[in-house]
Amino acid sequence: EDQVTQSPEALRLQEGESSSLNCSYTVSGLRGLFWYRQDPGKGPEFLFTLYSAGEEKEKERLKATLTKKESFLHITAPKPEDSATYLCAVRYSGNTPLVFGKGTRLSVIA
Amino acid sequence: ETGVTQSPTHLIKTRGQQVTLRCSSQSGHNTVSWYQQALGQGPQFIFQYYREEENGRGNFPPRFSGLQFPNYSSELNVNALELDDSALYLCASSLDHGYTFGSGTRLTVV
């Protein structure tokens, strides 16, 4: 059973069309939920870490929120340069590694 | 502050051969993790090293092995390569809760 599920798998937006990506998780004892951006053939680039329900973080056009069962990555007025795969990962205890979802491939069309 | 660097960037090997991938961790980071990312999938955890000792392993066979050196750099070794080993191999270094990824090594097994 997947511990981290991301939806949708792919999303196509017009430039300026705001939307949200979802990451749901089933682990207990969450020790951090991470959002990364990944461009084709590159390593993941860190965006945000969230630790507790109700927490929110923002960076430029991106805003991440966290509840007890899921996280949302809100993209406001996206631009073509926001096109990438967005990965969600969780860490659920001590020194355990990150557990990733499969990602959401975002395409922003001018 | 230098980031995480991986070498080589691309590699083509024949089935049955052995390969060594290298990772230089970010300055001051004492933990290094290795991930395998197949096309269209999220990264899958291979193993983690903390101060030269393996302290976590994912669901990968023993032909995947590693080392961490006193300067916290690391190697991933894969023996008896199989076609399914073709993937992007990612190294991440961390200190406490933050994870910084390298750009990865693209391994193709033919």
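Reference entry: report on the structure contained in this document.

What counts and what doesn't
- Residues numbered from 1 in each chain as written.
- Chains lettered and ligands numbered in written order.
- Predicted model: local features only at pLDDT ≥ 70, side-chain atom pairs only at ≥ 80, totals over all residues.
- Heavy atoms only, no water.
- Helix = DSSP H or I, 4+ residues; strand = E, 2+ residues; numbered from the N terminus.
- Rg over C-alpha atoms; globule rule 2.2 N^0.38 Å.
- Pairing = 2+ DSSP bridges.
- Axes fitted to C-alpha atoms, helices over the stretch in contact; angles between N-to-C directions.
- Salt bridge = Lys/Arg side-chain N within 4 Å of Asp/Glu carboxyl O.
- Buried < 20%, exposed > 50% of the residue type's maximum accessible area, 1.4 Å probe, protein only.
- Contact = heavy atoms within 4.5 Å.
- Buried area = accessible area lost by both parts, 1.4 Å probe.
- Polar contact = N/O pair within 3.5 Å; in protein donor to acceptor, adjacent residues only side chain to side chain.
- Nonpolar A, V, L, I, M, F, W, Y, C, P; charged D, E, K, R; others polar.
- Disulfide = S-S within 2.5 Å.
- Phe/Tyr/Trp six-rings, centres within 6.5 Å; stacked < 30°, edge-to-face > 60°.

What follows covers the overall build of chain B. Scanning chain B from N- to C-terminus turns up zero helices and eleven strands. The secondary structure elements of chain B, listed N-terminal to C-terminal, are β-β-β-β-β-β-β-β-β-β-β. In terms of overall dimensions, chain B is globule-like: its C-alpha atoms have a radius of gyration of 13 Å, near the 13 Å expected for 110 residues. Seen along its three principal axes, the alpha-carbon backbone of chain B occupies a region of about 35 × 25 × 25 Å.

Residue and element names in this part refer to chain B. The four strands are arranged β1-β3-β8-β7 in an open sheet whose pairing can be described as antiparallel. If you trace the sheet from one side to the other, it starts and ends with β1 (5–7) and β7 (64–68), each paired once. Across the sheet, the mean angle from the axis of one strand to that of its neighbour is 15°, orientation sign disregarded.

When the charged atoms of two side chains lie near each other, side chains of opposite charge can form a pair. In the structure shown here, the tally under the stated rule is eight salt bridges over all chains. Here Arg37 of chain A makes a salt bridge to Asp39 of chain A, at a shortest N to O gap of 3.1 Å. Of the residues examined, Arg37 of chain A reaches a relative accessible area of 15% and is grouped as buried. One salt bridge in this structure joins Glu75 of chain B and Arg22 of chain B, with 3.5 Å as the shortest N-O distance. Taken together, the residues span a long stretch of sequence, with Glu75 of chain B in strand β8 (residues 74–78) and Arg22 of chain B in strand β3 (residues 19–24) at a distance of 53 residues. Note on Glu75 of chain B: relative accessible area 15%, which makes it buried. You can call Arg22 of chain B partly exposed: its relative accessible area is 43%. If you follow the salt bridges from partner to partner, you end up with Arg63, Glu82 and Asp85 of chain B in one network.

All names here are of chain A. Here five strands make up an open sheet; going across it, the order is β1-β3-β8-β7-β6 and the pairing antiparallel. The sheet is open, and its two borders are formed by β1 (4–7) and β6 (56–59), each paired with just one other strand. Strand-to-strand, the axes of this sheet are offset by a mean angle of 15°, without reference to chain direction.

At the interface, 17 residues of chain B touch 17 residues of chain A. Between chain B and chain A the total buried area reaches about 1,500 Å² when both faces are included, carbon and sulfur atoms providing 50% of it. For the pair chain B and chain A, the interface holds five residue pairs in polar contact (both at pLDDT 80 or more). Among the secondary structure elements, those contributing two or more residues to the side of chain B that touches chain A are β4 (31–37), β5 (44–50), β9 (87–95) and β10 (98–101) of chain B. Classifying every residue of the side of chain B that touches chain A gives seven nonpolar, nine polar and one charged.

Inspection of every chain in the model, using the stated rule, returns two disulfides over all chains. A sulfur-sulfur distance of 1.9 Å marks the disulfide that ties Cys23 of chain A to Cys88 of chain A. Its S-S torsion of approximately -60° makes the covalent link between Cys23 of chain A and Cys88 of chain A left-handed. Highlighted residues: Cys23 of chain A in strand β3 (residues 19–25) and Cys88 of chain A in strand β9 (residues 84–91), separated in sequence by 65 residues. According to the relative accessible area criterion, Cys23 of chain A is buried, its value standing at 0%. Among the residues examined, Cys88 of chain A registers a relative accessible area of 0% and is labelled buried. The side chain of Cys23 of chain B participates in a disulfide bridge whose partner is Cys91 of chain B; the two sulfur atoms lie 1.8 Å from each other. Its torsion about the S-S bond being -60°, the disulfide of Cys23 of chain B and Cys91 of chain B is classed as left-handed.

Overall, the coordinates contain ten aromatic pairs over all chains when judged by the stated rule. Relative to Phe101 of chain B, the ring of Tyr35 of chain B has its centre 5.7 Å away and its plane inclined at 50°; by these criteria the two rings are tilted. One end of the pair, Tyr35 of chain B, is in strand β4; the other, Phe101 of chain B, is in strand β10, with 66 residues separating them in the sequence. Relative accessible area serves as the criterion here: at 0%, Tyr35 of chain B is assigned to the buried category. Using a relative accessible area of 9% as the deciding quantity, one classes Phe101 of chain B as buried. Grouping aromatic residues by their ring pairs yields a cluster made of Tyr36, Phe46 and Phe100 of chain A together with Tyr35, Phe45 and Phe101 of chain B.

Limitation: the analysis is restricted to geometry and does not speak to function.
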